[in-house]
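# Coordinate inspection notes
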Amino acid sequence: MMRSGRDKYLLNKGAPWSPGRIGIIGSGSWATALAKILLTTQEEVNWYFRFRETVKRFQASGHNPSYLTSVEFDTDRINFYTDIPSIVENSDTLLLVTPSPYIKGVLERAKPGTLKDKFIINAIKGIITDEYVLITEYLMERYGLPKEQLGVVSGPCHAEEVALERLSYLTVATADLTKAEVLKGVFEGEFVSCKVSSDLTGIEYSSVMKNIYAIMAGVCQGLRMGDNFQAVLLSNAAAEIDLLLNRVSSNAVRKITDSVYLGDLMVTAYSRYSRNRTLGTLIGRGYSVKQAQLEMEMVAEGYYGTKCIHEVNKDLGLELPIAEAAYDILYRRADPAEKILELSQKLT
């Protein structure tokens, strides 16, 4: 009899660690890209969708009907789920790819105690929006998961370029680098290069912050500030990220120039695929924040991340002029042109 992924996971207790059967929680473009990547190395994946109708359309067409529709899937290798308790029960490793404003509610639908023996990988570039804590911090505090059962995967890696099978780069971070090496083999393939790290906290905070600066780069684009100014803006943004990371999490091997920090900042700030840059561009062109969000019809994580970093920095007291300018524009309705002019006097 063929053993399930769960059975294989249990048989590996005491043997080299294995992620077992992987369940993807999320159905947007990034989740779809990660599913494409995983199915180059895994026999099958579990995948959660909110609506049964979406699953039916996916099974009939062979592609996600709403995101990255050019990516074809062998649906026989996908176990579709529309309820959280079932996918949690039937997965050994959970890959979280739900937008940050919704992940708390999604996790709360799992049966009590069922997350405690799962390995959970955070692929969300955001913070728990009403508590201002990282996703991994929330999992440790709310569900009692040890850090050894948590991982993070981050870019620079745009979903749209994964769909086109353009060479992309990921970094997988776990507290135990031996697990990171195993996960590297899960994510690495013909068009994906993968590095390993132990800097969970640094990578999560950097992933949140780079979205803020991408919004600001978009604002400058909308205001037609030019490439010279944006280069200065982003070099200062990298310094702000480095400043905060060194305060919240000392890590002797961290280099801000590594692709998971600086590279992710650059691609999010410059790429036409970036939701956060798009949000900022619309605001720079004169849209209100609400109008810009409605125009996009997608979640720009930087909007929520901006408030979170503002709240976190109340305790840290760091000089983060670009992040604070973003807060002023997004939450205090400051005039973008006036705020960028004011900010330009502070950049070096």
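Look above for the structure.
Residues numbered from 1 in each chain as written. Predicted model: local features only at pLDDT ≥ 70, side-chain atom pairs only at ≥ 80, totals over all residues. Heavy atoms only, no water.

### A word on the nonpolar core
Counting residues in each nonpolar core, the largest one holds 76 residues, and the members touching the most others are Leu96, Leu115, Met216, Leu244 and Ile309. At 13 residues, the largest contribution of residues to this core is made by helix α9 (residues 200–222). Residues contacting methionine 216, with those up to four places away along its chain left out, are Leu233, Ile322, Ala325, Ala326, Ile329, Ile340 and Leu343. Leu68, Val97, Phe119 and Phe187 belong to the second largest nonpolar core, which has 38 residues in total. (Core = buried A, V, L, I, M, F, W, Y, C linked by side-chain atoms within 4.5 Å. Buried < 20%, exposed > 50% of the residue type's maximum accessible area, 1.4 Å probe, protein only. Helix = DSSP H or I, 4+ residues; strand = E, 2+ residues; numbered from the N terminus. Contact = heavy atoms within 4.5 Å.)

### Remarks on the packing of α9 against helix α10 (residues 227–248)
When two helices pack together, their arrangement is given by the angle between their axes and by how far apart the axes lie. Close contact between α9 and α10 brings their axes to 10 Å; oriented N to C, the two are set at 155°. Classed by the angle they form, the pair α9 and α10 counts as roughly antiparallel. Considering the relative orientation of α9 and α10, their crossing is right-handed. Residues Thr201, Gly202, Tyr205, Ser206, Met209, Lys210, Tyr213, Met216, Ala217, Cys220 and Gln221 of α9 form the contact with α10, whose participating residues are Phe229, Gln230, Leu233, Leu234, Ala237, Glu240, Ile241, Leu244, Leu245 and Val248. Here the residues of the contact of α9 with α10 sort into 14 nonpolar, five polar and two charged. (Axes fitted to C-alpha atoms, helices over the stretch in contact; angles between N-to-C directions. Parallel < 35°, antiparallel > 145°, perpendicular 65-115°, else oblique. Left-handed = near helix turned anticlockwise from the far one by under 90°. Nonpolar A, V, L, I, M, F, W, Y, C, P; charged D, E, K, R; others polar.)

### Looking at the pairing of strand β4 (residues 93–96)
Each regular strand shows side chains that alternate between the opposite faces of the sheet. Neither face of β4 is left uncovered, since the one carrying Thr93 and Leu95 and the one carrying Leu94 and Leu96 both have all their residues buried. Here strand β1 (residues 22–25) runs beside β4; their pairing, made up of four bridges, is parallel. Opposite isoleucine 24, over in β4, you have leucine 95 as the bridge partner. Note that β4 and strand β5 (residues 119–122) share four bridges and pair parallel. Looking at the pairing, leucine 94 lines up with isoleucine 120 of β5. Between β4 and its parallel partner β5, the chain crosses via helix α5 (residues 100–108), and the hand of that crossover is right-handed. (Pairing = 2+ DSSP bridges. Right-handed = clockwise from strand over helix to strand, strands pointing away.)

### Re α9
With 23 residues, α9 ought to run about 33 Å at 1.5 Å a step, and its terminal C-alpha atoms sit 34 Å apart, in line with that. Judged by how many residues are buried, α9 sits mostly within the fold: 22 of 23 residues are covered. Just downstream of α9, arginine 224 is the residue with a positive phi angle, here 60°. (Expected span 1.5 Å × (residues − 1).)

### Things to note about unusual backbone geometry
Outside of glycine, negative phi angles account for most residues, and trans bonds account for most peptide bonds. Here the amide bond leading from glycine 155 into proline 156 is cis, since omega sits at 15°, within 30 degrees of zero. Within the element layout of this structure, proline 156 appears in the loop between β8 (150–154) and α7 (159–163). You will see that tyrosine 132, though not glycine, has its phi angle at about 60°, which is positive. The topology assignment puts tyrosine 132 in the loop between β6 (127–128) and β7 (133–134). Since its relative accessible area comes to 25%, tyrosine 132 is described here as partly exposed. Phi at arginine 224 takes a positive value of approximately 60°, unusual for a residue other than glycine. With respect to the element layout, arginine 224 can be found in the loop between α9 and α10. The class of arginine 224 is exposed, set by a relative accessible area of 78%.

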